[in-house]
Amino acid sequence: QVQLVESGGGLVQAGGSLRLSCAASGRTLSSYTMGWFRQAPGKEREFVAAINWSGSSTNYADSVNGRFTISRDNAKNTVYLQMNRLKPEDTAVYYCAADRNMYRMATESRRYDYWGQGTQVFVSS
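Below is a summary of the structure that appears in this document. (Residues numbered from 1 in each chain as written. Predicted model: local features only at pLDDT ≥ 70, side-chain atom pairs only at ≥ 80, totals over all residues. Heavy atoms only, no water.)

A closer look at the nonpolar core
Here is the rule: We call a set of buried Ala, Val, Leu, Ile, Met, Phe, Trp, Tyr and Cys residues a nonpolar core when their side-chain atoms join them within 4.5 Å. Partly exposed describes any residue whose relative accessible area lies between the buried limit of under 20% and the exposed limit of over 50%, with all areas from a 1.4 Å probe on protein chains only and scaled to the type maximum. What counts as a helix is a DSSP run of H or I of at least four residues, what counts as a strand is a run of E of at least two, and both are numbered from the N terminus. Any two residues having at least one pair of non-hydrogen atoms within 4.5 Å are treated as being in contact.
Among the nonpolar cores identified, the biggest contains 37 residues, and Leu4, Met34, Trp36, Leu81, Met83 and Tyr94 are the most heavily contacted of them. When contributions to this core are tallied by element, the ones reaching two or more residues are strand 3 (18–25), strand 4 (33–39), strand 5 (46–51), strand 7 (68–73), strand 8 (78–83), strand 9 (92–99) and strand 11 (119–124). Apart from the residues lying within four places of it in its own chain, the contact partners of Tyr94 are Glu6, Leu20, Trp36, Phe37, Arg38, Val48, Phe68, Leu81, Met83, Gly118, Thr119 and Val121.

A look at the state of the cysteines
Where we set the bar: Whenever a pair of cysteine sulfur atoms sits within 2.5 Å, that pair is classed as a disulfide.
Applying the stated rule across the entire model yields 1 disulfide. Two residues share a disulfide in this structure: Cys22 and Cys96, whose sulfurs sit 1.9 Å from each other. On the sign convention where negative is left-handed, the bridge of Cys22 and Cys96, at about 50 degrees about the S-S bond, is right-handed. Pair noted here: Cys22 is in strand 3 and Cys96 is in strand 9, with a separation of 74 residues, a long-range link. Since its relative accessible area comes to 1%, Cys96 is described here as buried.

Remarks on the side chain of Ser21
Along the chain, Ser21 turns up in strand 3. Residue Ser21 is classed as buried on the basis of its relative accessible area, which comes to 18%. When residues no more than four places from it in sequence are discounted, the contact partners of Ser21 are Val5, Glu6, Ser7, Trp36, Thr78, Val79 and Tyr80.

Structure, rendered in structure tokens:
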């Protein structure tokens, strides 16, 4: 079992930056693909970014590509999401997730096995 806890959310003006963290306990994250998803009010949860077990490969949603960067530190059992040039449409609850299948970087939320409780990001215009 893996427990995930997100932090780093908050209120920021458009154009600003935030760095989200996802700390894991229970098991080492080094054998999991990790992903970030987000859910805005009234909308479905959507894929944001994923990173493979070693950190050598990443994947991004078109809407955040070039602005967000996912990274991981397996020694610290932590995954990060650096968010730059934030826009009001980035406002959402952000969730990190772990996929036991380390050989894929899925964009579908149903592929992920463990989820954090989420952290709120609000971007004002």
